[in-house]
Amino acid sequence: MAPSKPLHLFLILTVTINLCSAELPSFREAPAFRNGRECPRTTWSSLDKHIHNPSIIHIAMTLDTAYLRGSVAGVYSVLHHATCPENIAFHFITTHSHGAKLTRAITTTFPYLNFHIYYFNTNLVKGKISTSIRRALDQPLNYARMYLADLLPAGVRRIIYFDSDLIVVDDVINLWSINLRGHVLGAPEYCHANFTNYFTSKFWSNPVFTAPFKGRSRNPCYFNTGVMVIDLWKWREGKYTEKLENWMKIQKRYRIYELGSLPPFLLVFAGEVEGMEHRWNQHGLGGDNLEGLCRALHPGPVSLLHWSGKGKPWLRIDSKKPCPLDSLWAPYDLFRYPSLFSDS
């Protein structure tokens, strides 16, 4: 009779292999979205690295296995509401570990999509990330938005950055065409936020740390980094990636905040964000970062719904415990549910 220990080792090994080789979700193929007659006929290729084409809308998103279902819904929502969907170029940031699988998933789901894959070197941030209040906020890919200017070709002058837990219910060209008025970054702002909650007592007790929030010409406001319009040329000129990294290094040493990648943006861009209508980021629909309770929409019109926070609509729908607003996300879900019947 074989000893029990090797059997246990075999079972552990088998489970590990199965987990590592788990397939990505399967999605229905999206329809081919075509331009309206008023759209300029143009294309953009990553081969045109130094050519700026103002008729192309550039959108950046991260791709990972945990949020792929949200990313697919987000892309589908953008295309569905766009007047000129063929003039949109998607720039997906991922890692080498699952890059081939994720690329294949996007290609099969959106056969007509103009997209490009960029691999993010997670070693750039692994030594700079501090633990936060939620593990998902600590993933290296969550910091890739800081490196868009380095990852994307020089010909991409402006980019819209979208998180993977949102849907767009308006023509994205209305967001793309906002006037940044010389600013590097544009986003909906919330100027009545209590900044005390975003930073530790060690931060507030040090005047060197709090300097970005002082001065008559600077009016610091909260903004959610899940929806941003960025002038990449100005970003490169101002070396904003280095400025964000500097705050991450300070955080690593002094522990001045508890939230992942958001506080460095608040510190670097305090008072220097071009405010946009709140309709472009109805955020917080995923609830807080600890419990993820259901939330209602903010007052006013809606162009984009964002399930920032712990609760994600696809997880709540699958668990049969959806929030009321999750029904607004569901129509853009291309997830192919397994059949109840099988040939076997």
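Refer to the structure presented above.
The structure presented is a predicted model; accordingly, all values stated were derived computationally and were not measured.

Caption draft 1: Representation of the overall build of the chain in the model. When its secondary structure is counted, the chain shows 13 helices and ten strands. Put simply, the chain has 344 residues, and 51% of those count as buried. Partitioning the contacts of the chain with sequence separation of at least 6, the portion at a separation of at least 24 is 75%. Looking at the chain as shown, the accessible area adds up to about 17500 Å², and 56% of this sits on carbon and sulfur atoms.

Caption draft 2: Highlighting helix 2 (residues 68-81). For helix 2, with 14 residues, the first-to-last C-alpha span of 20 Å sits near the 20 Å given by 1.5 Å per residue. Among the 14 residues that make up helix 2, twelve are buried, leaving the element largely enclosed by the rest of the structure. Along helix 2, the residues that are buried comprise Leu68, Arg69, Gly70, Ser71, Val72, Ala73, Gly74, Val75, Tyr76, Ser77, Val78 and Leu79.

Caption draft 3: A look at the state of the cysteines. Going through the model one piece at a time under the given rule, you end up with three disulfides. Note that cysteine 39 is cross-linked by a disulfide to cysteine 84, the S-S spacing being 2.0 Å. Measuring handedness by torsion sign, the sulfur bridge of cysteine 39 and cysteine 84 sits at about -90° and is left-handed. Of this pair, cysteine 39 sits in the loop between helix 1 (4-20) and strand 1 (57-62) while cysteine 84 is found in the loop between helix 2 and strand 2 (88-94), placing the two residues 45 residues apart along the sequence. Here cysteine 39 matches cysteine 84 in class, with each residue buried.

Caption draft 4: Local environment of the pairing of strand 8 (residues 227-231). The buried count for strand 8 comes to five of five residues, which makes it a mostly enclosed element. Residues Val227, Val229 and Asp231 line one face of strand 8 and the alternating positions Met228 and Ile230 line the opposite face, and both faces are buried. Both strand 4 (residues 158-162) and strand 8 contribute to a ladder of five bridges, which runs antiparallel. What sits directly across from isoleucine 160, in strand 8, is valine 229. As judged from the two bridges shared by strand 6 (residues 185-190) and strand 8, these two strands associate in the antiparallel manner. Bridging from a neighbouring strand, leucine 185 pairs with isoleucine 230 of strand 8.

Caption draft 5: Geometry of the pattern of salt bridges. Under the defined criterion, the tally for this structure stands at ten salt bridges. The salt bridge partner of glutamate 86 is arginine 41, with a shortest N-O separation of 3.6 Å. Taken together, the residues span a long stretch of sequence, with glutamate 86 in the loop between helix 2 and strand 2 and arginine 41 in the loop between helix 1 and strand 1 at a distance of 45 residues. For glutamate 86, a relative accessible area of 30% translates into the label partly exposed. Arginine 145 is paired through a salt bridge with aspartate 163; the nearest N and O atoms lie 3.4 Å apart. Here the residue arginine 145 occupies a position in the loop between helix 4 (123-126) and helix 5 (148-151), and aspartate 163 occupies one in the loop between strand 4 and strand 5 (166-168), the gap between them amounting to 18 residues. Ionic contacts of the salt-bridge type, sharing partners, join the residues Arg34, Arg41 and Glu86 into one network.

Caption draft 6: Layout of the side chain of serine 261. Within the element layout of this structure, serine 261 appears in the loop between helix 10 (240-254) and helix 11 (262-268). Judged by its relative accessible area of 4%, serine 261 is buried. The residues contacting serine 261, other than those within four sequence positions of it, are Asn142, Tyr143, Arg145 and Met146.

Caption draft 7: Structural context of the nonpolar core. Counting residues in each nonpolar core, the largest one holds 51 residues, and the members touching the most others are Leu148, Leu185, Phe199, Phe223, Trp235, Phe265 and Phe269. No other element matches the five residues that helix 11 contributes to this core. Not counting residues within four places of it along the chain, the set of residues in contact with phenylalanine 223 comprises Leu185, Ala187, Pro188, Met228, Leu262, Phe265, Leu266, Phe269 and Val273. Counting 49 residues, the second-largest nonpolar core is a separate cluster that includes Phe92, Val227, Trp280 and Leu304.

Caption draft 8: Looking closely at the packing of aromatic side chains. Per the counting criterion, the structure on display carries 26 aromatic pairs. A ring pair is formed by phenylalanine 335 and tyrosine 337, whose centres lie 4.8 Å apart and whose planes are at 80°; its orientation type is edge-to-face. Judged by relative accessible area, which is 44%, tyrosine 337 ranks as partly exposed. Joined through ring pairs, the aromatic side chains of Phe199, Phe203, Trp204, Phe209, Phe213, Trp247, Tyr254 and Tyr257 make up one cluster. Geometry around tyrosine 112 places arginine 34 over its ring, the cationic atom sitting 4.9 Å from the centre. Positioned above the aromatic ring of tryptophan 176, the side-chain terminus of arginine 158 is 6.0 Å from the ring centre.

Caption draft 9: Inspection of the side chain of lysine 128 at higher detail. Residue placement: lysine 128 occurs in the loop between helix 4 and helix 5. The side chain of lysine 128 is buried and forms no salt bridge, while glutamate 245, the nearest opposite charge, is found at 4.0 Å. A polar atom in the side chain of lysine 128 sits 2.6 Å from the backbone oxygen of leucine 124.

Conventions used here
Residues numbered from 1 in each chain as written. Predicted model: local features only at pLDDT ≥ 70, side-chain atom pairs only at ≥ 80, totals over all residues. Heavy atoms only, no water. Helix = DSSP H or I, 4+ residues; strand = E, 2+ residues; numbered from the N terminus. Buried < 20%, exposed > 50% of the residue type's maximum accessible area, 1.4 Å probe, protein only. Contact = heavy atoms within 4.5 Å. Areas by Shrake-Rupley, 256 points an atom, 1.4 Å probe, with all protein chains shown as cover. Expected span 1.5 Å × (residues − 1). Disulfide = S-S within 2.5 Å. Pairing = 2+ DSSP bridges. Salt bridge = Lys/Arg side-chain N within 4 Å of Asp/Glu carboxyl O. Core = buried A, V, L, I, M, F, W, Y, C linked by side-chain atoms within 4.5 Å. Phe/Tyr/Trp six-rings, centres within 6.5 Å; stacked < 30°, edge-to-face > 60°. Lys NZ or Arg CZ within 6 Å of the ring centre and 35° of its normal. Lys, Arg positive; Asp, Glu negative; His and termini not counted. Polar contact = N/O pair within 3.5 Å; in protein donor to acceptor, adjacent residues only side chain to side chain.

Interpretation in functional terms is not warranted from these geometric data alone.
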